[in-house]
Amino acid sequence: MTDFENQTVLISGATRGIGRAVAESFLQAGAYVIGLYAGDETSAAVFTEENSKFAALFELHKCDVSREADVASLFSHIEKVHGSLDVLINNAGIRKDAVLALMDSKDWQKVIDINLTGSFLMSKQAVLLMMQNKYGRIINITSPVAHLGFTGQANYAASKAGQVAMTKSLAKEVARKKITVNCVSPGFIATDFIKDLSKEQLSAYKKLVPMRRFGTTEEVAESVLFLAGKKASYITGTVLEITGGL
Ligand code: NAP
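Residues numbered from 1 in each chain as written. Predicted model: local features only at pLDDT ≥ 70, side-chain atom pairs only at ≥ 80, totals over all residues. Heavy atoms only, no water.

Student: Help me understand the overall build of the protein chain in this model?
Tutor: Helix and strand counts for the protein chain stand at eight helices and seven strands. Taken against the 2.2 N^0.38 rule, which gives 18 Å for 246 residues, the C-alpha radius of gyration of the protein chain at 17 Å falls within 12% of a compact globule. Each principal axis of the C-alpha atoms in the protein chain carries an extent, and together these give about 50 × 40 × 35 Å. By the burial criterion, 49% of the 246 residues in the protein chain qualify as buried. Counting contacts in the protein chain only where the partners sit at least 6 residues apart, residues at least 24 apart contribute 76% of the total. Accessible area of the protein chain: about 12200 Å², with a carbon and sulfur share of 54%. Across the protein chain, the 27 positively charged side chains and the 25 negatively charged ones have centroids separated by 6 Å. (Helix = DSSP H or I, 4+ residues; strand = E, 2+ residues; numbered from the N terminus. Rg over C-alpha atoms; globule rule 2.2 N^0.38 Å. Buried < 20%, exposed > 50% of the residue type's maximum accessible area, 1.4 Å probe, protein only. Contact = heavy atoms within 4.5 Å. Areas by Shrake-Rupley, 256 points an atom, 1.4 Å probe, with all protein chains shown as cover. Lys, Arg positive; Asp, Glu negative; His and termini not counted. Charge placed at Lys NZ, Arg CZ, Asp CG, Glu CD.)

Student: What is the right way to read the environment of Leu246 from this model?
Tutor: Checked against the element boundaries, Leu246 lands in the segment after strand 7 (239-242). Given the relative accessible area of 33%, Leu246 is considered partly exposed. Sequence separation of Leu246 and Tyr234 is 12 residues, and the distance between their C-alpha atoms is 26 Å. Each residue touching Leu246, except ones within four places of it in the same chain, is listed here: Pro144, Gly187, Phe188, Leu208, Val209 and Pro210.

Student: What is the right way to read the sheet that holds strand 6 (residues 179-186) from this model?
Tutor: Pairing between sheet strands relies on hydrogen bonds along the backbone, with the strands arranged either parallel or antiparallel. Strand order in the open sheet formed by seven strands is 3-2-1-4-5-6-7, with parallel pairing between adjacent strands. Only two strands of the sheet have a single partner each, and these edge strands are strand 3 (58-62) and strand 7. Taken over all neighbouring pairs, the strand axes of this sheet differ in orientation by 15 degrees on average, direction set aside. Looking at chain direction, strand 5 (residues 136-141) and strand 6 are connected through six bridges and run parallel. Residue pairing for strand 6: Ile139 is matched across the bridge by Asn182. Across the sheet, helix 1 (residues 17-28) lies against strand 1 (8-11), strand 2 (32-37), strand 3, strand 4 (87-90) and strand 6, angled at about 170 degrees from strand 1, the strand it touches most. On the sheet, helix 8 (residues 217-228) packs against strand 4, strand 5, strand 6 and strand 7 and is oriented at approximately 165 degrees with respect to strand 6. (Pairing = 2+ DSSP bridges. Axes fitted to C-alpha atoms, helices over the stretch in contact; angles between N-to-C directions.)

See the structure below:
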């Protein structure tokens with residue numbers, strides 16, 4: 001008997017990077033995983049292939065979390081086929097960096113739409129389902145730039161700060177229904193998300209981290225599963241930082 005047996009877990013951005021490690025940790029812990037991706041079919045195929053021993057325990061859906069119609073149709077499937085949802089991980093996220101004075105308003109909007117509005121649309125549907133069972137765990141993957149700020153990331157930082165504020169508000173709204181809502185805030189984690197950075201930038205950013213290294217996706221997944229567990233029942237509205245001391 002493992003911790004998440006008989007639990008249904010929905011994860012956005014589940015086939016690459018942090019989301020993939022989170023999805024695989026839940027599979028190893030016995031959960032049924034509904035994984036979302038935006039359009040990278042190659043990563044989805046690799047995920048399916050490399051997790052074939054868990055084939056009966058997961059399904060993948062192409063679903064743009066920023067599109068209300070996509071999210072509504074996903075949840076109508078979840079309600080019809082699975083009947084309930086125990087855990088939601090809002091992990092899907094993008095960056096489109098530029099200093100604010102030169103930022104295209106489309107890039108501002110796109111980042112807000114996926115990172116923040118996507119988390120809102122998914123959480124709205126999830127709490128409606130979780131309230132029926134009087135149980136749930138929602139975890140939003142934010143970032144320390146939400147409170148630190150970062151040059152060239154006004155859109156990203158605003159979206160991540162918005163996720164924190166939404167988390168704290170929703171946590172209060174659903175606390176009596178035994179639904180907890182928290183954030184996990186990773187520092188620099190070696191994924192595709194930062195693969196555009198130059199060697200010089202990576203080395204300069206590593207020097208900012210007191211532990212002098214980037215984190216791993218598995219280290220983030222550990223903290224997500226902790227907050228998603230039944231034993232984390234009195235933790236809500238909080239932000240758990242996985243930053244190596246940043
Ligand atoms: P990643 O490797 O770039 O993966 C991003 C994932 O999000 C992909 O699976 C992608 O799907 C999915 N996605 C993007 N837009 C989507 C949309 N509209 N609808 C559904 N899914 C969408 O990024 P990561 O490093 O794992 O980051 C995951 C989360 O951690 C993000 O929220 C990010 O802001 C946060 N974070 C990352 C770091 C870091 O250093 N890596 C630090 C702090 C916070 P496809 O595969 O189909 O493209």
